[in-house]
Amino acid sequence: MRTVDLILKKKQGKELSKEEINFFIDSIMDRSMPDYQISAFLMAVCFQGMTDLETSYLTEAMVKSGSFVDQSKLPKGVLDKHSTGGVGDKITLTLTPILAACGIPCLKLSGRALGHTGGTIDKLESIPGFNTDCQIDDMISQVKQINLAIGAQTKGLTPADGILYALRDVTGTVDNVSLIASSVISKKIASGAENIVLDVKCGNGAFMKEPQDAARLARLMVEIGKHLGRKVIAVITSMNEPLGRAVGNSLEVIEACEFLKGNCKDGEVYELTFELAILTLLQYGICADRETAHAHIEDLINSGKALDKFKELVKAQGGDAEALVDYSKLPTASKTVEVKAEKDGYVENIDAYKVALACKLLGAGREKKTDAIDLSVGVYLNKKSGERVNKGEVLYTIYSNNDAKTQQCKELCDEAYEIATGQPTKKPLIYEIVQ
Ligand code: URA
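Residues numbered from 1 in each chain as written. Predicted model: local features only at pLDDT ≥ 70, side-chain atom pairs only at ≥ 80, totals over all residues. Heavy atoms only, no water.

### Observations regarding the domain arrangement of the protein chain
Along its sequence, the protein chain is organised into domain 1 (3-49), domain 2 (71-324) and domain 3 (331-420). For domain 1 versus domain 2, the separation of C-alpha centres amounts to 31 Å. Summed over both partners, the interface of domain 1 with domain 2 buries about 1,000 Å², with 83% contributed by carbon and sulfur atoms. Per-residue buried area on domain 1 facing domain 2 is highest for Met29, Leu42 and Cys46; these three make up 43% of the total on that side. Taken together, the connections running from domain 1 to domain 2 amount to zero salt bridges. If you look at where domain 1 meets domain 2, you find one residue pair in polar contact (both at pLDDT 80 or more). (Domains from an automatic or database assignment. Buried area = accessible area lost by both parts, 1.4 Å probe. Salt bridge = Lys/Arg side-chain N within 4 Å of Asp/Glu carboxyl O. Polar contact = N/O pair within 3.5 Å; in protein donor to acceptor, adjacent residues only side chain to side chain.)

### Details of the nonpolar core
Ile98, Ile127, Phe259, Phe310 and Tyr396 are the most contacted members of the largest nonpolar core, which totals 77 residues. Among the elements that take part in this core, helix α12 (residues 267-283) stands out by supplying nine residues, more than any other. Among the domains, domain 2 (71-324) and domain 3 (331-420) are the pair contributing at least three residues each to this core. Once residues lying within four places of it in the same chain are set aside, the contact partners of Phe259 are Thr94, Ile98, Cys264, Val269, Tyr270, Thr273, Phe274 and Ile301. With 29 residues, the next largest nonpolar core counts Leu114, Ile180, Cys202 and Phe207 among its residues. (Core = buried A, V, L, I, M, F, W, Y, C linked by side-chain atoms within 4.5 Å. Buried < 20%, exposed > 50% of the residue type's maximum accessible area, 1.4 Å probe, protein only. Helix = DSSP H or I, 4+ residues; strand = E, 2+ residues; numbered from the N terminus. Contact = heavy atoms within 4.5 Å.)

### Quick notes on the packing of aromatic side chains
Following the criterion strictly, the structure yields five aromatic pairs and no others. A centroid spacing of 6.3 Å and a plane angle of 70° characterise the contact between Phe259 and Tyr270, whose relative ring orientation is edge-to-face. Of this pair, Phe259 sits in helix α11 (residues 249-260) while Tyr270 sits in helix α12, and the two are 11 residues apart along the sequence. Here the two residues Phe259 and Tyr270 agree in accessibility, since each one is buried. Geometrically, the ring pair formed by Phe259 and Phe274 is edge-to-face, given 6.3 Å between the ring centres and 85° between the ring planes. Of this pair, Phe259 sits in helix α11 while Phe274 sits in helix α12; the two residues are 15 residues apart in sequence, bridging distant segments of the chain. Each member of the pair, Phe259 as well as Phe274, is classed as buried. (Phe/Tyr/Trp six-rings, centres within 6.5 Å; stacked < 30°, edge-to-face > 60°.)

### So, the site of the ligand
The full set of residues close to the ligand is His82, Thr84, Tyr165, Arg168, Ile180, Ser183, Val184 and Lys187. Contact between the ligand and Arg168: an oxygen atom at 2.9 Å from a side-chain N or O atom of the residue. Here Ser183 contributes a side-chain N or O atom positioned 2.7 Å from a nitrogen atom of the ligand. In isolation the ligand offers 240 Å² of accessible surface; the protein chains occlude 92% of this area. Element by element, the count of residues in the shell around the ligand is highest for helix α9 (residues 177-190), at four residues. Grouping the constituent residues of the shell around the ligand by class yields three nonpolar, three polar and two charged. (Near = heavy atom within 4 Å. Areas by Shrake-Rupley, 256 points an atom, 1.4 Å probe, with all protein chains shown as cover. Nonpolar A, V, L, I, M, F, W, Y, C, P; charged D, E, K, R; others polar.)

### Observations concerning the sheet that holds strand β11 (residues 394-400)
Pairing is antiparallel in the open sheet, where four strands are placed in the order β6-β9-β11-β7. Every other strand in the sheet has two partners, leaving β6 (246-247) and β7 (335-340) as the edge strands with one partner each. In this sheet, β11 lies alongside β7 in antiparallel orientation, the contact comprising six bridges. Its bridge partner being in β11, Lys335 is matched across the sheet by Ser400. Across the face of the sheet, helix α16 (residues 403-416) comes into contact with β7, β9 (378-380) and β11 while running at roughly 150° to β11. (Pairing = 2+ DSSP bridges. Axes fitted to C-alpha atoms, helices over the stretch in contact; angles between N-to-C directions.)

As structure tokens, then:
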């Protein structure tokens, strides 16, 4: 088999066989396929697509590219959750402590910020001392003790994804349904997750811009996961506007803590955390119906058990749990700039992509995996879609360490905010549940 023939076959839109896809992954792993050929192949996939069968072969080949966790070593019913990437998405921090407090073992492998999207690992690293570079065996022991561990993707699991993802990021080939599905599901299979909860983002701040693409991605991931013997729920959610009010690493940790303390009773963080938690509690048979599940989650929050679980996680991974109460212990930006509304009206929309770029410009995100990031900076959206705003009221707040960047950030955020005269109709956050 010759690599160039695989590229040509895909370029012509033909379906690759299992042997050909295995050959592709093997050639990546033994380094016989140079980056330029891998990149050409990825671009051909982006233009021609892959069938569901090809995607399923690709996923299995990626799982086999490295070691995988022996499921018999894991607690029964272990769960992993994954978002396909968004702006202001702190749902891992709000959801997993609740599920763990309900008795569900959560072993979560997370990523860092890449492209314009944020990453859970960076958010957690804004908690002083928090270690995300964990060995999988240590994570398993921790899950057995406290039902929760969150760490960075370990090198031994799905190394083919590591190589492909880094190349996709710099060759404009991230946003393909088959490449995303195989990347996400291969990692979840390798980490031994029995139950997988997927948040498939859709909108201008997501990799999938169109609802039909997000729907195909969700269905494909659910099908492949089920075919490989896992229970999968996917929820397709809007990413046209940042999720919640905070965008930026330590700012998002604060918003997550406020939610877990019961100080956030509406908005997207509340709605999505509750929806994912309710679906999971029903799937595990912990609650019989939505109302009971809702009340159970409320109780965990109001009693402080959900926040206590987050503190346990932080302590178990070497972090300072006091920082979840005393926010001055988190990285804090030197400058806070409140930007006020110039006219009366209602917030019609806040462009998620522009806010993401503004935060990245401040230093909250990275261009390359190796770039250092500033965990203290970001934007807090004081006013969100549908809310009334009067001239002179604070629209949003910039947390920055650099005056020139603050100004550029303000220009982008001003463009992101759309103010209308009439009250806009509420846009749905949750589009569809696929299971
Ligand atoms: N998240 C992943 O892990 N992989 C992708 O390709 C996109 C989002």
